[in-house]
Amino acid sequence: MHRDGAGYALGTAPGGWRTGRVPVLAYGSNACPSKITWLRENLGLGAEPVVVARAECHGVAAVWAAGLRARDGQRTATLAAAPGVTEWHAVWFATPEQVEVLDRCEGRGVRYDLARLRTGRVRLEDGSVVEDVLTYVGAGPARMPLLVDGAPVRTADVAQHEAIRLEGTPAGTHGLDAEPIPLLQ
């Protein structure tokens, strides 16, 4: 749990912390505690605790996206189907207000779509399977997986400072069974 600029054990989260929150699979920088602080300082993420649990993910992988981030020129991560692959990421148990901040950060509907993930399995450290997990998936060519020699490049295999030099082409799809959730107008 993240509160007041610091991380605390999940057992210190407010009682009933799953009530009124939705599970959002976080990978790349969204799984980093310093990103939560950045969201608070720059995008208005409120003081309410951010509840995050480590999750073992089967059948999906964080891979490098084809495009670069406009604000700093870095290559971003995106999610792709990865049969047989297991990676550790995180699940935010986010309030509706926290999802709104994530939507702004991720450029929902432009860079990424918020989608219900049906590919793979997400299991928390306590062994419980997370049902109806949401996640941000590439919405256009710049956030589709970068294909180098015809294959996506996992973030676990190439560090970000090296990923900037990767050359390839955008994949036509992320390969996920992921249903985008329409924005409410």
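### A few points about the packing of helix α1 (residues 33–43) against helix α2 (residues 96–106)
Line of reasoning, step 1. One can describe the packing of α1 onto α2 by two numbers: an axis separation of 11 Å at closest approach and a directional angle of 90°. Classified by the angle their axes make, α1 and α2 are roughly perpendicular. Contacts between α1 and α2 involve Lys35, Trp38, Leu39 and Leu43 from the former and Val101, Leu102, Arg104, Cys105 and Glu106 from the latter.
Line of reasoning, step 2. Classifying every residue of the contact of α1 with α2 by side-chain character gives six nonpolar, no polar and three charged.

### A look at the side chain of Thr135
Line of reasoning, step 1. Inspection of the secondary structure assignment puts Thr135 in strand β8 (residues 134–138).
Line of reasoning, step 2. At 3.1 Å, the side chain of Thr135 and the backbone oxygen of Leu25 are in polar contact.
Line of reasoning, step 3. Beyond its immediate sequence surroundings of up to four residues, Thr135 is in contact with Val24, Leu25, Tyr27, Leu79, Asp113, Leu114, Ala115 and Leu117.

### Brief notes about the environment of Ala115
Line of reasoning, step 1. Along the chain, the position of Ala115 falls in strand β6 (residues 112–117).
Line of reasoning, step 2. Exposure remark for Ala115: the relative accessible area of 0% places this residue in the buried category.
Line of reasoning, step 3. Sequence spacing of Ala115 and Gly138 is 23 residues, and the spatial spacing of their C-alpha atoms is 9.8 Å.
Line of reasoning, step 4. Discounting residues that sit within four places of it in the chain, Ala115 has contacts with Val133, Leu134, Thr135, Val137, Ala178, Glu179, Pro180 and Ile181.

### Things to note about the pairing of strand β3 (residues 22–26)
The side chains of a regular strand alternate between both faces of the sheet.
Line of reasoning, step 1. The buried fraction of β3 is high, at four of five residues.
Line of reasoning, step 2. When β3 meets strand β5 (residues 75–94), the two strands line up antiparallel, connected through five bridges. Considered in β5, the bridge of Val22 is made with Ala94.
Line of reasoning, step 3. By the bridge criterion, two bridges tie β3 to β8 in an arrangement that is parallel. Across the sheet, Leu25 pairs through a bridge with Thr135, a residue of β8.

### Comments concerning the nonpolar core
Line of reasoning, step 1. Counting residues in hydrophobic clusters, the biggest one holds 41 residues, and the most contacted among them are Trp92, Leu117 and Tyr136.
Line of reasoning, step 2. Looking at this core, the elements that each hand over two or more residues are β3, α1, β4 (51–68), β5, α2, β6, β7 (121–124) and β8.
Line of reasoning, step 3. For this core, the element with the most residues is β5, which contributes seven residues.
Line of reasoning, step 4. Setting aside residues up to four positions removed in sequence, Tyr136 forms contacts with Val24, Tyr27, Leu79, Val99, Leu102, Asp103, Glu106, Tyr112, Asp113 and Leu114.
Line of reasoning, step 5. Core analysis: the next-biggest nonpolar cluster, separate from the first, contains six residues, Trp64, Leu146, Ala163 and Leu166 among them.

### Remarks on unusual backbone geometry
With glycine set apart, most residues show a phi of negative sign, and most peptide bonds adopt trans.
Line of reasoning, step 1. Of note in the backbone geometry, Asp132 takes a positive phi value of approximately 55° without being a glycine.
Line of reasoning, step 2. Position of Asp132 among the secondary structure elements: in the loop between β7 and β8.
Line of reasoning, step 3. Given a relative accessible area of 53%, Asp132 falls into the exposed group.
Line of reasoning, step 4. At Asp149, a residue that is not glycine, the phi angle is positive and equals roughly 55°.
Line of reasoning, step 5. With respect to the helices and strands, the residue Asp149 is situated in the loop between β9 (146–148) and β10 (151–152).
Line of reasoning, step 6. On the accessibility criterion, Asp149 (81% relative accessible area) is exposed.

### Describing α1
Line of reasoning, step 1. All of the buried residues in α1 are Lys35, Ile36, Leu39 and Arg40. With its buried residues spanning 145° around the axis, α1 presents them on a single face.
Line of reasoning, step 2. On the buried face of α1, the contacting elements are β1 (2–3), β4, β5 and α2.
Line of reasoning, step 3. At the exit of α1 stands Gly44, carrying a positive phi of roughly 80°.

Calculation notes
- Residues numbered from 1 in each chain as written.
- Predicted model: local features only at pLDDT ≥ 70, side-chain atom pairs only at ≥ 80, totals over all residues.
- Heavy atoms only, no water.
- Axes fitted to C-alpha atoms, helices over the stretch in contact; angles between N-to-C directions.
- Helix = DSSP H or I, 4+ residues; strand = E, 2+ residues; numbered from the N terminus.
- Parallel < 35°, antiparallel > 145°, perpendicular 65-115°, else oblique.
- Contact = heavy atoms within 4.5 Å.
- Nonpolar A, V, L, I, M, F, W, Y, C, P; charged D, E, K, R; others polar.
- Polar contact = N/O pair within 3.5 Å; in protein donor to acceptor, adjacent residues only side chain to side chain.
- Buried < 20%, exposed > 50% of the residue type's maximum accessible area, 1.4 Å probe, protein only.
- Pairing = 2+ DSSP bridges.
- Core = buried A, V, L, I, M, F, W, Y, C linked by side-chain atoms within 4.5 Å.
- Arc of directions from axis to C-beta.

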